[in-house]
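Below are the chains, spelled out letter by letter.
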Amino acid sequence: MARRRVLSRLGFVVGLVAAPFAMQALTGEPVAQSVSGNIPLMVASGLLVGFGAARGGGCTSGHGVCGLSRLSTRSLVATITFMATAFVTVFLVRHVIGG
Amino acid sequence: MSFLRNLGLGLLFGIGLVVSGMSDPAKVLNFLDLFGTWDPSLAFVIGGAVVVAFFGYRVVFARTGPIAGDRFHIPAKEAIDGRLVAGAALFGIGWGLGGFCPGPALTALGLGAPGTFAFIPAMFLGMWAARLLAESGARTRPAG
């Protein structure tokens, strides 16, 4: 039972991974994307995103879309918090450190 | 059967992320750059998704049960605590550093950027660490 649930959930992940290829097949154009090549930065970013999403019980989709649309106060607090720290982080990286 | 159903849902969600630009870190970082090259378009993506999901939930909750599956799985937690705020704060810092959140990062996996290959294993490691921390907290503190 548990294994079947894991497998069925894996279907969602497979669908996500396949999405850009479905797009390319439909439009005939490559999906434009620009990812930072700074590996230590991306590792730090990944650790924080994974830890924070699991610790805070949700991410942009979980709190930001699903939670807000259910009018969850908890999700509103989380969304305001992560939007604020993300704005501040980009400001510091681009205009204080980088500027 | 549920594997295929979830695959279809993941594909739909993923195409939405790709079409809207949520899966492009450069676009996300411009959205977050209020005092620089601000690109407000992603606010309409998130706002649009919230409006659609708001009405979607109304339709769904009018039913006695889901079309597929035994029951609805609705988050039961309501506590606004340090764990929620600290987790969200760290999540935001990570999102602002790399421009990826979990769903869009997975749609980027097959496109093969080295930064994505660095991000995704680190993200799973972070999730695993949070789970370990939650389990150790549950052991040392009394339940409730």
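The structure presented is a predicted model; accordingly, all values stated were derived computationally and were not measured. (Residues numbered from 1 in each chain as written. Chains lettered and ligands numbered in written order. Predicted model: local features only at pLDDT ≥ 70, side-chain atom pairs only at ≥ 80, totals over all residues.)

**Here we look at the interface of chain A and chain B**
Phase 1: Contact residues are listed per partner, giving 67 residues for chain A and 75 residues for chain B.
Phase 2: Of all elements in the fold, only helix H1 (2-27), helix H2 (39-55), helix H3 (60-69) and helix H4 (73-97) of chain A reach the threshold of two or more residues within the side of chain A that touches chain B.
Phase 3: Here the element with the most residues in the side of chain A that touches chain B is H4 of chain A; it accounts for 17 residues.
Phase 4: Across the side of chain A that touches chain B, the residue classes tally to 40 nonpolar, 22 polar and 5 charged. (Contact = placed C-beta atoms within 7 Å. Helix = DSSP H or I, 4+ residues; strand = E, 2+ residues; numbered from the N terminus. Nonpolar A, V, L, I, M, F, W, Y, C, P; charged D, E, K, R; others polar.)

**What to know about the packing of H2 of chain A against helix H4 (residues 82-98) of chain B**
Phase 1: At their nearest, the axes of H2 of chain A and H4 of chain B sit 7 Å apart, and the two run at 155° to each other. Taken together, the axis directions place H2 of chain A and H4 of chain B in an arrangement best described as roughly antiparallel. Helix-helix and strand crossings are classified by hand; for H2 of chain A and H4 of chain B the assignment is left-handed. Only Arg83, Ala86, Gly87, Ala88, Leu90, Phe91, Ile93, Gly94, Trp95, Leu97 and Gly98 of chain B of H4 of chain B make contact with H2 of chain A, whose side of the interface consists of Leu41, Met42, Ala44, Ser45, Gly46, Leu48, Val49, Phe51, Gly52, Ala53 and Arg55 of chain A.
Phase 2: A breakdown of the residues in the contact of H2 of chain A with H4 of chain B according to their chemical character gives 14 nonpolar, 6 polar and 2 charged. (Axes fitted to C-alpha atoms, helices over the stretch in contact; angles between N-to-C directions. Parallel < 35°, antiparallel > 145°, perpendicular 65-115°, else oblique. Left-handed = near helix turned anticlockwise from the far one by under 90°.)

**What about the nonpolar core?**
Phase 1: Residues Leu48 and Val49 of chain A together with Phe91, Ala105 and Phe119 of chain B are the most contacted members of the largest nonpolar core, which totals 47 residues.
Phase 2: Top contributing element to this core by residue count: H4 of chain B, with 8 residues.
Phase 3: Residues from two domains meet in this core; each of domain 1 (1-30) and domain 2 (54-99) of chain A gives at least three.
Phase 4: Setting aside residues no more than four positions away along its own chain, Ala105 of chain B makes contact with Phe100, Thr116, Phe119, Ile120 and Met123 of chain B. (Core = buried A, V, L, I, M, F, W, Y, C linked by C-beta atoms within 7 Å. Buried ≥ 20, exposed ≤ 12 C-beta atoms within 10 Å, placed from the backbone. Domains from an automatic or database assignment.)

**Comments concerning unusual backbone geometry**
All names here are of chain A.
Phase 1: Unusually for a residue other than glycine, Leu71 sits at a positive phi of about 60°.
Phase 2: Position of Leu71 relative to the elements: it lies in the loop between H3 and H4.
Phase 3: In this structure Leu71 comes out as exposed when scored by C-beta crowding, with 10 C-beta atoms within 10 Å.

**Points about the domain arrangement of chain A**
Phase 1: The domains assigned to chain A are domain 1 (1-30) and domain 2 (54-99).
Phase 2: For domain 1 of chain A and domain 2 of chain A, the distance between their C-alpha centres works out to 25 Å.

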